[in-house]
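Chains, contacts and geometry: an overview
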Amino acid sequence: MTVRVLRAEGRPATPWKNGGGLTREIAAGPEGADMADFAWRVSLADVARGGPFSRFEGVDRVITLVEGPGMVLTVDGSPHPVAEPYAPFAFPGDADTDCRLLGGPLVDFNVMTRRGRATARVEIVRGRVALPARSAAPVLLVVVLEGSAVLEGTGTGLGRLDAALCTGARGEALEVEGVAALVAFSEVTAAA
């Protein structure tokens, strides 16, 4: 397995597409992709106030509350509480989405995939977990949301909000002391 460690310190904060907040990109694929041409993108966002979410045409999103009192997302007119920490919520990025905070600022974990190019499965893990083998997920991203983690067999240690981008996993294990997100990406292949 190949592992690229992505430390939390030094991640630059950039304005949201709609200018309403800040995001810190953890990783994107393909490497070096910008907001217009990513197949997938993972970030942490600081949300200081409510308001409309940026629209991303042709993109699916999964958002997870990491810290703070939570929010209600109104997606195409339907309200969805996102108030339980570490409970992923999936919604279309091109839907009209508005955010109302439930008592103050928060931090969320955001996974975006471009339809027709990639899919993602977001799993919140604790304790010891086997990483899916490469045939099940060619690219894995581990992000420590609370505490720390170690990729067994590699000696790679991760602190809070650190990440590891893994390719070619063969069933290695992740030992989590706290809470981590395990994001498995798959490329979409066109039907023959």
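Preceding block: the structure.
In short, a report on the structure. (Residues numbered from 1 in each chain as written. Predicted model: local features only at pLDDT ≥ 70, side-chain atom pairs only at ≥ 80, totals over all residues. Heavy atoms only, no water.)

**Considering the pairing of strand 6 (residues 59–67)**
For strand 6, a buried count of seven out of nine residues is recorded, marking the element as mostly surrounded by other parts of the structure. Taken together, the eight bridges between strand 6 and strand 11 (residues 106–114) define a ladder with antiparallel strand orientation. Bridge assignment links Leu-65 to a residue of strand 11, and that residue is Asp-108. (Buried < 20%, exposed > 50% of the residue type's maximum accessible area, 1.4 Å probe, protein only. Helix = DSSP H or I, 4+ residues; strand = E, 2+ residues; numbered from the N terminus. Pairing = 2+ DSSP bridges.)

**Notes on the side chain of Asp-162**
Here Asp-162 shows up in the loop between strand 14 (156–158) and strand 15 (163–167). Owing to a relative accessible area of 8%, Asp-162 belongs among the buried residues under this scheme. A polar contact is formed between the side chain of Asp-162 and the side chain of Arg-7, at a distance of 2.8 Å. At 2.8 Å, the side chain of Asp-162 and the backbone nitrogen of Gly-159 are in polar contact. When residues no more than four places from it in sequence are discounted, the contact partners of Asp-162 are Leu-6, Arg-7, Ala-8, Arg-11, Val-142, Val-143 and Val-144. (Polar contact = N/O pair within 3.5 Å; in protein donor to acceptor, adjacent residues only side chain to side chain. Contact = heavy atoms within 4.5 Å.)

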